[in-house]
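# What the coordinates show
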Amino acid sequence: MTDTTFTPRVFSGIKPSGGLTLGNYLGAIKRFVGMQGQMETIYCVVDMHAITVWQDPKELANMTREVAAGYLAAGLDPSQSILFNQSQVAAHAELGWVFNCVARVGWMNRMTQFKDKAGSNAEKVSLGLYAYPSLMAADILLYHATHVPVGEDQKQHVELTRDIAAKFNHDYKTDFFPMTTPVIEGPAMRIMNLRDGTKKMSKSGESDMERINMTDDADKIAKKFKKAKTDPEPLPETVEGLADRPEARNLVEIYAALDDTTPEAVIAQYPGAGWGTFKPALADLAVAKLAPISEEMARLMDDPAEIDRILAAGSDKARAIAEPILKKTYDIVGLLRSS
Ligand code: AMP
Ligand code: TRP
């Protein structure tokens, strides 16, 4: 349910912790672009989240620029959306601390992403990785954002954001923070690995063949789809036939998301098609949609100073919204300030 007492405002972010993938593009960036112009939109490169796991300092700034270049190349327009990187707006860390004191340890212990990332190594990971969801709640609530477009894997974190807002409002007897809605819709909410349809496509998988990177050129994109794992059966006649076929379903969903259509429509276009027909068609579609974006990213990355200027201007605009909300939060909590 959407909170109607707050002005509709979108916030979302991506970590600069490796190259952008097709999962980031279809599950996040393409949808960010689609929401632009419909309501106020704020998009962040969450570099403070990235350092919850080790990042080489020589690469982090460039990775931050590359995510920004991905946003811009895909169609985000700095005159319509606020684009910035998190660490330039100190209020994120400041509100994150307040939320560390609202969120409960038991809530953090239920976060599946932490459990997956920490694995059997939970004693050795950073404290930041554990507290990550309360910084994410701060990112969102610092702007009183009402809508957060994310992929399926982030749903639990947005629900935790609602829990933090509700507990803050309850404890301090206020209605200051909104109940944010996660926006998770369309065929691309969980793009899977091209070599194993039961695993999510991610920036950090071992083999480059399991993901499409937003910077891959036409040849690489085509090769990766042609080599993608499938089962031996042809495509079914109806979508129900994809139920127990994770790899086939993934390729159909990717096609649908790239072509702005539904899996039903894709199956209706290719009923019973063999992989020898479908994979080259998918590769052609992906190249047509992605190659212009990767070319534009490369062009933007040739002028890093221009990206830095865009992020600096976006940070100023973000601060103008965030700082009054942080100050009001401090007042509610009773933290003394002299101005
Ligand atoms: P991250 O790369 O973890 O910072 O994720 C940034 C955004 O991309 C989040 O909204 C994720 O849910 C989304 N995302 C990442 N990987 C995928 C995927 N394989 N399928 C769908 N969405 C994804
Ligand atoms: N946790 C998100 C991810 O891993 C990234 C993120 C950080 C984010 N802060 C956010 C997403 C705020 C949406 C809103 O994908």
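Residues numbered from 1 in each chain as written. Chains lettered and ligands numbered in written order. Predicted model: local features only at pLDDT ≥ 70, side-chain atom pairs only at ≥ 80, totals over all residues. Heavy atoms only, no water.

### Re the site of ligand 1
Contacts to ligand 1 come from 17 residues, most closely from Lys15, Gly151, Asp153, Ile191 and Lys203. In the environment of ligand 1, an oxygen atom lies 2.8 Å from a nitrogen or oxygen atom belonging to the backbone of Gly151. Here ligand 1 loses 94% of its free accessible area of 470 Å² to cover by the protein chains. Judged by the proximity of its atoms to the pocket grid, ligand 1 belongs to the largest pocket. Broken down by element, the residue count for the shell around ligand 1 peaks at four residues, all from helix α1 (residues 22–35). Taken together, the residues that form the shell around ligand 1 break down as seven nonpolar, five polar and five charged. (Near = heavy atom within 4 Å. Polar contact = N/O pair within 3.5 Å; in protein donor to acceptor, adjacent residues only side chain to side chain. Areas by Shrake-Rupley, 256 points an atom, 1.4 Å probe, with all protein chains shown as cover. 1 Å grid on protein atoms, 1.4 Å probe; cavity = no way out; pocket = protein on both sides within 12 Å on 5 of 7 lines; lining within 4 Å. Sits in = over half its atoms within 2 Å of the grid points. Helix = DSSP H or I, 4+ residues; strand = E, 2+ residues; numbered from the N terminus. Nonpolar A, V, L, I, M, F, W, Y, C, P; charged D, E, K, R; others polar.)

### A look at empty space enclosed by the protein
Using the criterion set out here, one finds one cavity of 30 Å³ or more in the structure. Taken as a whole, the largest cavity encloses approximately 50 Å³ of empty space. Lining the largest cavity, in full, are Met111, Gln113, Phe114, Lys117, Leu129, Tyr132, Pro133 and His157. Broken down by secondary-structure element, the contributors of at least two residues to the lining of the largest cavity are α6 (112–118) and α7 (127–141). (Points joined across faces, edges and corners; volume = space filled by probe spheres on them.)

### Focus: the domain arrangement of the protein chain
Taken domain by domain, the protein chain comprises domain 1 (9–189 + 303–333) and domain 2 (208–299). Interface of domain 1 and domain 2: buried area, both sides summed, is about 1,300 Å²; carbon and sulfur atoms make up 74% of it. Contact with domain 2 buries area across many residues of domain 1, yet Leu22, Ala73 and Pro187 alone supply 41% of it, more than any other trio. Here domain 1 and domain 2 share one salt bridge between them. Across the pair Asp260 and Lys30 runs a salt bridge whose closest N-O atoms are separated by 2.4 Å. Elements with a minimum of two residues in the side of domain 1 that touches domain 2: α1 and α3 (57–74). Residues of the side of domain 1 that touches domain 2, tallied by class, amount to 10 nonpolar, two polar and three charged. (Domains from an automatic or database assignment. Buried area = accessible area lost by both parts, 1.4 Å probe. Salt bridge = Lys/Arg side-chain N within 4 Å of Asp/Glu carboxyl O.)

### Here's the deal with the packing of aromatic side chains
Counted under the stated rule, the structure contains 15 aromatic pairs. Among the aromatic residues, ring-to-ring pairing joins Phe99, Phe168, Tyr172, Phe176 and Phe177 into one connected group. (Phe/Tyr/Trp six-rings, centres within 6.5 Å; stacked < 30°, edge-to-face > 60°.)

### Points about the site of ligand 2
Taken together, 13 residues form the shell around ligand 2, and within it Lys15, Tyr132, Met136, Asp139 and Gln154 come nearest. For ligand 2, a nitrogen atom lies 2.6 Å from a polar atom in the side chain of Tyr132. Contact between ligand 2 and Asp139: a nitrogen atom at 2.7 Å from a side-chain N or O atom of the residue. With the chains in place, 92% of the 370 Å² that ligand 2 exposes on its own is no longer accessible. If you map ligand 2 onto the pockets, it falls in the largest pocket. Contributions of two or more residues to the shell around ligand 2 are made by β1 (9–14) and α7. Residues of the shell around ligand 2, tallied by class, amount to seven nonpolar, four polar and two charged.

### Observations regarding the side chain of Lys15
Relative to the assigned elements, Lys15 resides in the loop between β1 and α1. Buried charge Lys15 goes without a salt bridge, the closest partner of opposite sign being Asp153 at 6.6 Å. Setting aside residues no more than four positions away along its own chain, Lys15 makes contact with Val46, His49, Ala50, Val67, Gln113, Lys117, Tyr132 and Lys203. (Buried < 20%, exposed > 50% of the residue type's maximum accessible area, 1.4 Å probe, protein only. Lys, Arg positive; Asp, Glu negative; His and termini not counted. Contact = heavy atoms within 4.5 Å.)

### What about the nonpolar core?
Ranked by internal contacts, the top residues of the largest apolar core, which has 64 residues, are Leu22, Tyr71, Phe225 and Phe278. Ranked by residues supplied to this core, first place goes to helix α12 (residues 275–301) with 13 residues. Of the residues that make up this core, three or more belong to each of domain 1 (9–189 + 303–333) and domain 2 (208–299). (Core = buried A, V, L, I, M, F, W, Y, C linked by side-chain atoms within 4.5 Å.)

### Structural notes on the layout of surface pockets
One number sums up the size of the largest pocket: a volume of about 1,400 Å³. In this structure, the largest pocket is lined by 49 residues; those nearest its centre are Lys15, Gln113, Asp153, Gln154 and Lys200. Contributing elements (two or more residues each) for the lining of the largest pocket: β1, α1, α2 (47–50), α6, α7, β4 (147–149) and α8 (155–171). For the lining of the largest pocket, the leading source of residues is α1, giving five residues. Broken down by class, the residue content of the lining of the largest pocket amounts to 17 nonpolar, 19 polar and 13 charged.

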